Structure formats: structure tokens, C-alpha cells
Amino acid sequence: MPYLAKILLYPVKSLDGVEVENARVLASGALHHDREFAIFDEQGRFVNGKRHAKIHLLRAQFALLNRTISLQIPDSDLQRIFHLDEERQALEATLSDFLGFGVTLRQNSLMGFPDDTSSPGPTVISTATLAEVTSWFPGLNIDEIRRRMRANIEIDGVPAFWEDQLFSEQGDLVSFRVGDVDFFGVKPCQRCIVPTRDSYLGEAYPNFQKIFVTQRQATLPNWVASSPFNHFYRLSVNTELSPSSAGKILQIGDEIDILS
């Protein structure tokens, strides 16, 4: 039986995630606290791993109930703790000093800052998929691949690429249920440059994207809808929430059913 094995939230977009036992689903479809904050430069552009590899060097820990972030700055033995609401200016100053340019931290408590604003629900992947992808890259382990892919919901009790059932031909949504929360699978997630880099150091894995595309195409199950794959640099599934499920709770161990 497919079941919910992990829930991962990323309170500040592009920084480290935090694993939780349960998560409330907002009306937008986003998980509470996921990508709630994002870093912006002085031109109003995202400061993220796509544009600034240096951000991989930052280590962050979160105490969600206390609303705090603990930052470990490279080449420093000090951990600095900031309250995300009450000490935001000090946090912005620390991030600006580290990055070498001025930044601000913005908040969106309704939807967060997802890459796909039209499908802002949690991204879904299976543990077996992560294990299969790990086998393509000598020297990497499943935890590192998990950190590179940054999915929210991880499903176990299923074979690799099981989640590819959660999308269909373009325009067709697939209804599925996690516990008592109803979602729609939309499409396979288009990946960016971030998975090609070491999640701790920012260093590129040689030919990562080329290897990934070759292996993804070779291992794509023959039952998978082909139209969403205009290229094969896609992994995990983007989702939307059924409006009737707003405010409900996802819990580790929840069973998962495909409804249509």
C-alpha cells in the first residue's frame, strides 16, 4: 500500500529543508511554512540556487513553532539565531554580508514562493525513484539526491516512478488522496540547474544533466503519459489541491490512493 513516508518543508526558498511529522495544507495548496519566505536582491529578483551557487554553502536549521532560523556561515564557528518576524532586518544584514550584495526577505503566508505558481501544491516523489536516480550517479547517496530534488512529499511502499501515474496527457488532471486530503496531479516537474550541484558545496557533478536525461528516458515506464515530456529533465510531480481539502492535515503514515 502506498503511504506517506516523509514530509519536507523549505521555510526559506533555496535554503535547507526541515522534516516534519505532519503539515497543514493551505487553501492555495501549499504546505504551511513551505517556501513561506524568499530572499530577493535589490532589483527584486529571487536570490536562489539557480542564480547564485554560493547559497548552497549556507546551512540553516528551523524551529518552526518558535519562528526561528539558525544560520551557520561558512568559515565561521558561530551559529546565529534569528526570529523570522522580529529580527528580520538583522537576518537580512547577515545574508547581505555573506552574499556580498543587499538582500531583503519577503514573506507570503498564503502560497509561499513556489516555482510553479499555477500548481502550488506539494511536489511528490517516491523513495524508490530517489534510490533509482541515485544509482545513476556514482559517489552520490540517496540523501544527497533527496536534497537536490527538494520534493515535499515522499511516498514509500511503491516501485520507482510510481508517481508518474499522477499525471496524464496534457490538460488532464489525476485525482489522488493522501489520508483525507485530495490533490490533483498536474505534470512532471521541470528541473533546473540546482540538482546538478552538490547541495552542500555548490560544485557541479560532471555531465549530470546529460546522464539524467539519458537514464530518465531509458527507464521511463511504457505506461507513462508521453505528452508532458517535451524533454526528459523532469522528475517528481507538481500538484494542485482540491478546494474541499483546504486546512486539512497530512500525517506521516497516511495511505495514498489514486482516484482517477
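Not measured: the values here are computed from a predicted model. (Residues numbered from 1 in each chain as written. Predicted model: local features only at pLDDT ≥ 70, side-chain atom pairs only at ≥ 80, totals over all residues. Heavy atoms only, no water.)

### A short note on the overall build of the chain
When helices and strands are counted, the chain shows four helices and 15 strands. For the chain, whose C-alpha radius of gyration is 18 Å, the value lies close to the compact-globule estimate of 18 Å for 260 residues. For the chain, the C-alpha atoms occupy an extent of roughly 50 × 45 × 30 Å along the three principal directions. Relative to its 260 residues, the chain shows a buried fraction of 53%. Taking the intrachain contacts of the chain between residues at least 6 apart in sequence as the baseline, contacts between residues at least 24 apart amount to 71%. Total accessible area computed for the chain in this model is approximately 11800 Å², and 49% of it derives from carbon and sulfur atoms. Looking at charge distribution, the chain has the averaged site of its 25 positive side-chain charges lying 5 Å from that of its 33 negative ones. (Helix = DSSP H or I, 4+ residues; strand = E, 2+ residues; numbered from the N terminus. Rg over C-alpha atoms; globule rule 2.2 N^0.38 Å. Buried < 20%, exposed > 50% of the residue type's maximum accessible area, 1.4 Å probe, protein only. Contact = heavy atoms within 4.5 Å. Areas by Shrake-Rupley, 256 points an atom, 1.4 Å probe, with all protein chains shown as cover. Lys, Arg positive; Asp, Glu negative; His and termini not counted. Charge placed at Lys NZ, Arg CZ, Asp CG, Glu CD.)

### Considerations on the pairing of strand β5 (residues 59-63)
Of the two faces of β5, only the one carrying A60 and F62 is buried; R59, Q61 and A63 on the other face are not. Where β5 meets strand β6 (residues 68-72), five bridges bridge the pair, whose relative direction is antiparallel. Bridge assignment links A63 to a residue of β6, and that residue is T68. (Pairing = 2+ DSSP bridges.)

### Some words on the packing of aromatic side chains
This model, assessed by the stated rule, comprises 14 aromatic pairs. Judged by centre distance (5.4 Å) and plane angle (85 degrees), the rings of F137 and Y205 are edge-to-face. Of this pair, F137 sits in the loop between α2 (127-134) and α3 (142-149) while Y205 sits in the loop between β12 (181-190) and α4 (208-219); the two residues are 68 residues apart in sequence, bridging distant segments of the chain. Its relative accessible area of 19% is what places Y205 among the buried residues. An aromatic cluster is built from W136, F137, F161, Y205, F208, F212 and Y233, whose rings are joined through pairwise contacts. The aromatic ring of F98 is capped on one face by K54, whose charged end is 4.7 Å from the ring centroid. (Phe/Tyr/Trp six-rings, centres within 6.5 Å; stacked < 30°, edge-to-face > 60°. Lys NZ or Arg CZ within 6 Å of the ring centre and 35° of its normal.)

### Description of the pattern of salt bridges
Tallied over the entire structure, the rule returns 17 salt bridges. With its nearest N and O atoms 3.1 Å apart, the salt bridge here joins D16 to R147. Separated by 131 residues along the polypeptide, D16 in the loop between β1 (3-9) and β2 (18-20) and R147 in helix α3 bring together distant segments of the chain. Across the salt bridge formed by D143 and R146, the nearest N and O atoms sit 2.7 Å from each other. (Salt bridge = Lys/Arg side-chain N within 4 Å of Asp/Glu carboxyl O.)

### So, the environment of L57
Tracing the sequence through the fold places L57 in the loop between β4 (37-41) and β5. On the accessibility criterion, L57 (30% relative accessible area) is partly exposed. When residues no more than four places from it in sequence are discounted, the contact partners of L57 are Q72, P74, F98, Y200 and L201.

### A look at the nonpolar core
Core analysis: the largest hydrophobic core is formed by 48 residues, its most contacted members being I69, L71 and L250. Sort the elements by how many residues they give to this core and helix α1 (residues 88-99) lands first, with four residues. Residue contacts for L71: discarding those within four places in its chain leaves L15, R59, A60, L78, Q79, R80, F82, L91, T94 and L95. Grouped together as the second largest cluster of nonpolar side chains are 15 residues, I145, M149, F212 and L235 included. (Core = buried A, V, L, I, M, F, W, Y, C linked by side-chain atoms within 4.5 Å.)

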